[in-house]
Amino acid sequence: MIEHGSGAKTGSGANSVAGDGAAADDNILVVRDLHVSYATRSGPVAAVRGISFVVPRGKIVAIVGESGSGKSTTSQALIRRLASGGRIDSGSIEFEGRDLGPMSERELRSIRGGRIGFVPQDPSKSLNPLMRVGDQIAEALRLHLKLDKAAAATEAVRILAEVGLPDPDARATQFPHELSGGMRQRVLIGIAWACNPQLVIADEPTSALDVTVQRHVLDNIDELVRRHNTSVVLVTHDLAVAADRADYVAVMSNGEIVEQGTTEQVLSSPTHEYTKKLVESAPGLASRRLTPSLTALGEQQQSSAGKLFTHTRPAQPAGSATASGAIPAHSGADAAGATNILEVSNLVKTFALRRQGGGSQVLRAVDDVSFVVPRGSTFSIVGESGSGKTTTARIAARIASADSGTVSFDGTDVTSLSGEALRQLRRRVQVVYQNPFGSLDPKMSIEKIIAEPLRAFRVGDRTHRAEVARELLEHVSLSPSLAQRRPTELSGGQRQRVAIARSLAIGPELIVLDEPVSALDVSVQEQILQLLVDLQVQFGLSYLFISHDLGVIRQISDHIAVMRSGKVLEAGTAHDVLANPQHEYTRELLAAIPGQRAV
Amino acid sequence: MTQVKAWAGYLLPKLGQFLFVVVATYTLVFVLVHFLPGDPLIAALAAKGGASTVIDPAELDALRVQYGLDGTLWQQYFGHLIAAAQGDLGISIATGVPVTEMIGRAFPFSVQIASLALLFGVTSAVLITFLAYAAPWPWLRQLLLQIPPFGIAVPAFLSGLLLISVFAFTLGWLPSAGARSFDAAILPAITLALPVGALFFQVFSSAVLEAQNSPYVFTAVAKGVPPRRIFTKHLLRNALLPSITILGLLIGYLAGGTAVVETVFSRDGIGRMTVNAVLARDINVIQGVVLVVGAIYALVNLLVDVAYGFIDPRTRIGGGVPSRARLGAKK
Amino acid sequence: MTNLRKPGFVLGLIIIAVAIVASLAPQLLATHDPFESVATDRLLPPSAQYLFGTDNLGRDLYSRVIYGAALSLLSASLAVVVGVVVGAIVGLISGFVGGRTDFIIMRFVDVLIAVPGVLLALIVVASLGFGPVSLALGVGLGAAGSFARVMRSQVLRIRSEEYVEAARTLGVRSPAILVQHVLPNAARPVIAMAALEMGTAILSVSALTFLGFGAPPPAPEWGALVSAGRDYVATNPGLSIIPGAVILVVVLAVNRVARSIGGDE
């Protein structure tokens, strides 16, 4: 019994999720027509606009939405602790039959941590850095269960063991910085479950973690739910995680719940447009290699027609113009160069980790890495944090230098280029960074940003560069009217398009893409990936693509290398690696991709 | 054993830095005094005896020897440095008394008001921050937060004279001058506490504000921890940590501030002694005072560094093998 | 500018404007000759004729305060210019060049900071002689150290921004990066800091003139006015407290405007 689409918006559907004839008091939490707004300089802004849902006892309800959908605000409203300026305007939050709205702070405090646990988003910042982790769990026990100091300490160690921390006795006396991200998240889960609450709200509990760690942490939550019969509100941006773990799903967009129901119903037969789009673009759920769109193929054929932008490419000087002559003349993309645009062999990069009080330890961030990128194709490196994938990419792009090994570009050794010769290499190798908020100078106009490489290489005059910038904006599907805006006025996806346009301006052959979509919402991710695939065909580009997300990798790669601890464990064509993984770790990575239980 | 080694590895560079600052401070003053135009001895004698003082060259040379101003600049530089290391800062040109003795006599008076001022200033900064944190109404919080910027803008001579005119002359509660009794230290200490407390407040309150919006405080709230305990257990320690690093800066402020405050309250002390030395162009005294103040500043910074090593578990000494998390973070 | 909608900011600007007029064209605001003594009008309380009262020689305190603005504010401005120019250049070089140059420069800066500003100013004054210019040089030198630090940290912050690395990988040369990325992004915090330094410099200069190191009497420097009134604090507290309050008001105004420029609130 599901109320579809518009029904949920009216605010009458409080029981819509678990309406299967269940009595109302089987619901631990009932939210009715909740409105939340934030005070800003230009008046109140609504963040949550009349949502209603219920959480049945012992069930997991996922709230899924992209950034700005209001899902995090909702989770904070459920314990009545909003960020400053936030207020609940109307509606009710009934927990075990009592409305939290009119409760005093004192009453709320006995509920928070005691009967409603909360697992926050960012494990690296959510623990007090100056307090031992055992004490941070014991604090909740002493407050709510009134345990004495010794009993609380013993119980804290037991909880650490229950959330799967090895050697809990020793861990309890450690400080947060001595634990890994996954362990810290387990401590936070321990705090949330410490007093055996009826309800736990988990706000993106695993989005800051590596995918294999994410899987273990989510398994741990599943286990706690089963053992303690806890109800959970799982807030996530990742539809695939919801698909794997939740009994019910509510999809939020723009502060409203646009669709809710059992997980199976929502995922297999979404009725709302937004849900459909979300299900389609979730990389873990149904990803496949993207193919160039028809318009891109059409443009490829006429790309040699006299467009402004293509004029800039033959502006490549003949070899004599490059200062040292180290880079051979590049006579257009169609000319026959080496089959492999990039070859790296036996790269090694070490970092000395200095320890407090002398002594150092050597970290082999990149350990004997070799691969080739065939011209016109996409070579991807996948790995978790600390795998060395980004360092490898930076060396390949000659941003960083290796301790040993060679990088050769288009058949020429570029390993030790420096100064002007290295600068000339930038005409042919460009980089797109992960964070579109950091990689664009906030003080520059979009037009200036895109034209910057042209200016650096003295291509054309000011009017010409402005025209090229506008044309490039069209190529990345942005309106040329954005040319005079500043980056801060653009959304994340728009900024990443600008960064891509900038990398194209000078007409490079190889683009190194370092996690180019991981800072973006899933629906935007797919658009950017599609854009990259189209541009590759139009301009004959080669990509070196770095990502932690196998779902994304699958959508764009021709060849894949899997890295861990600085080493390439396995490499091959995308199909081989994904369909027939040879290395145990690759199989583990594939198994950890969320969304496998669903549909 | 490894513990000792770890401490040595941590302390030795800091100790070197301490020595460097002291020697470099001495060098800076030496350069300023000797390379700016004018003969320092003649200027001092002129200040002593009036502009028309005429001294015959032989007598002048004798005086140069007496005040350690003879020989080449290199000889003077190293001679004074070695003497200073042995605790001899030369002889005052204006009074003929050894500088070490003058500083030793004036020092306790200044330390008295400076430490009281530090105590008043830091306590009230923490108190105002807590009140602002706990204030139930936004307007009250705003009002409390306006006090410290005001404290920074008040000239010390103004606040000093106001305090004198109210508490000494109008109410007659406290003495307006002198340094003989403890009572006499209260008004100067309050005067000094104003800018020092305000400076500390700026750093401390912004650290509290930052900590207040931090995810770990959210975790504490979600745990059901009451506000007062959040302030004492979670905010205070985290916010004090960055705040103690400006302690050295505060000592510098105090040293400068005593010059005005001791003049306003007609108190003996380092500050007033320095002012008199400058009026008499008595470079030996000036040099000695700056050296001592620079050394104290460097010493306080050294102590702050050591304290940091103790308090913050992230920089705690001898903490075993770095965990995987640290390796990952360094990437 | 949203700042113009804040009453505190606007009031600050008005006060600063009045202070500037007073220092450039004091005759527009003064009501009396600041040096003329009227023997019969000594130590009078504030009135319509003498807005701030008269001093022990029967001179109009209000006009003396107005005429004092020029000396006090000009030394303070000179101090800020010295501090900002020296500090900003040193910090910029240190931060942008980096490496050993940075290390050596910063050790010198450490020393400048180790000596309290007032003491440093006193050394300079003792060596160069008393007067507004040596005061300004001394105070400026004292500020240069912390200024260099701020500038350097700004440069380092911007240098580590991803858009600077991006510019490098785009093929932009170092000088162009400095001009196009580092300077525009460092400008605002540095200007705010310079404005804030103006308040501090006014305080330092007035403290030093209070101690008697400024222009010789009867020049009406603000600190010297307070000092001159000290002897009458038991009977005529206004004589020193009014000029002191004027300093306070001007410093508050300058700081308020500086904070708004820095985007503090």
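Predicted model only: the values in this text are computed from it and were never measured.

To continue, consider the overall build of chain B. Each helix and strand in chain B was counted, giving 14 helices and zero strands. Along the chain direction, N to C, the helices and strands of chain B fall in the order α-α-α-α-α-α-α-α-α-α-α-α-α-α. When its C-alpha atoms are laid out on the principal axes, chain B stretches across 85 × 60 × 35 Å. Here chain B holds 331 residues, and the buried ones make up 49% of them. Here the contacts in chain B between residues at least 6 apart in sequence split such that 74% fall between residues at least 24 apart. Approximately 15,200 Å² of chain B is accessible, and the part contributed by carbon and sulfur atoms is 69%. Within chain B, one finds 21 positive and 14 negative side-chain charges whose respective centroids are separated by 26 Å.

Moving on to the packing of aromatic side chains. Each aromatic ring pair is described using two quantities: the centre-to-centre distance and the angle formed by the ring planes. Residue and element names in this part refer to chain B. The tally for this structure, following the rule as stated, stands at 16 aromatic pairs over all chains. Considering the side-chain rings of Y26 and Y77, the 5.3 Å spacing of their centres and the 40° angle between planes classify their relative orientation as tilted. Residue Y26 is found in helix α1 (residues 2-35), and its partner Y77 is found in helix α4 (residues 73-85); the two are separated by 51 residues along the sequence. With respect to class, Y26 is no different from Y77; both count as buried. For the pair F130 and F231, a centre-to-centre distance of 4.7 Å together with 65° between the ring planes defines the contact as edge-to-face.

Residue and element names in this part refer to chain A. Going residue by residue along strand β16 (residues 429-432), you find V429 and V431 tucked away on one face and Q430 and V432 tucked away on the opposite face as well. The sheet contact formed by β16 and strand β17 (residues 510-514) spans four bridges and is parallel. Paired with V432 across the two strands is L513, which belongs to β17.

Residues and elements named next belong to chain C. Taken together, the side chains of V81, V85, I89, I93 and V97 define a hydrophobic patch exposed on the protein surface, amounting to about 420 Å² of accessible area. Structurally, I89 is set in helix α2 (residues 61-97). Classification of I89 as partly exposed rests on a relative accessible area of 48%.

A few words on the confidence of the model for chain B. Any region with low pLDDT has predicted coordinates that should not be read closely. All names here are of chain B. On average, chain B scores 82 in pLDDT, and the residues at 70 or more come to 91%. Of all the helices and strands in chain B, helix α14 (residues 324-330) carries the lowest mean pLDDT, 33, while helix α9 (residues 215-222) carries the highest, 93. In this model, residues 318-331 is a region of pLDDT below 50 whose contacts with residues beyond four sequence positions or in other chains number 19 contacts. Reported confidences for the modelled complex are a pTM of 0.79 and an ipTM of 0.81.

When two helices pack together, their arrangement is given by the angle between their axes and by how far apart the axes lie. Residues and elements named next belong to chain C. The N-to-C vectors of helix α4 (residues 117-128) and helix α5 (residues 132-159) enclose an angle of 145°; their axes lie 8 Å apart at closest approach. Judged by the sense of rotation from one axis to the other, the crossing of α4 with α5 is right-handed. The residues of α5 that touch α4, namely those facing G117, L120, A121, V124, V125 and L128, are S134, L135, L137, G138, V139, L141 and G142. Taken together, the residues that form the contact of α4 with α5 break down as nine nonpolar, four polar and no charged.

How each quantity is defined
- Residues numbered from 1 in each chain as written.
- Chains lettered and ligands numbered in written order.
- Predicted model: local features only at pLDDT ≥ 70, side-chain atom pairs only at ≥ 80, totals over all residues.
- Heavy atoms only, no water.
- Helix = DSSP H or I, 4+ residues; strand = E, 2+ residues; numbered from the N terminus.
- Buried < 20%, exposed > 50% of the residue type's maximum accessible area, 1.4 Å probe, protein only.
- Contact = heavy atoms within 4.5 Å.
- Areas by Shrake-Rupley, 256 points an atom, 1.4 Å probe, with all protein chains shown as cover.
- Lys, Arg positive; Asp, Glu negative; His and termini not counted.
- Charge placed at Lys NZ, Arg CZ, Asp CG, Glu CD.
- Phe/Tyr/Trp six-rings, centres within 6.5 Å; stacked < 30°, edge-to-face > 60°.
- Pairing = 2+ DSSP bridges.
- Patch = residues over 30% accessible without salt bridge, like charges linked within 9 Å, V, L, I, M, F, W, Y side chains within 5 Å.
- Salt bridge = Lys/Arg side-chain N within 4 Å of Asp/Glu carboxyl O.
- pLDDT = per-residue confidence, 0-100.
- Axes fitted to C-alpha atoms, helices over the stretch in contact; angles between N-to-C directions.
- Left-handed = near helix turned anticlockwise from the far one by under 90°.
- Nonpolar A, V, L, I, M, F, W, Y, C, P; charged D, E, K, R; others polar.

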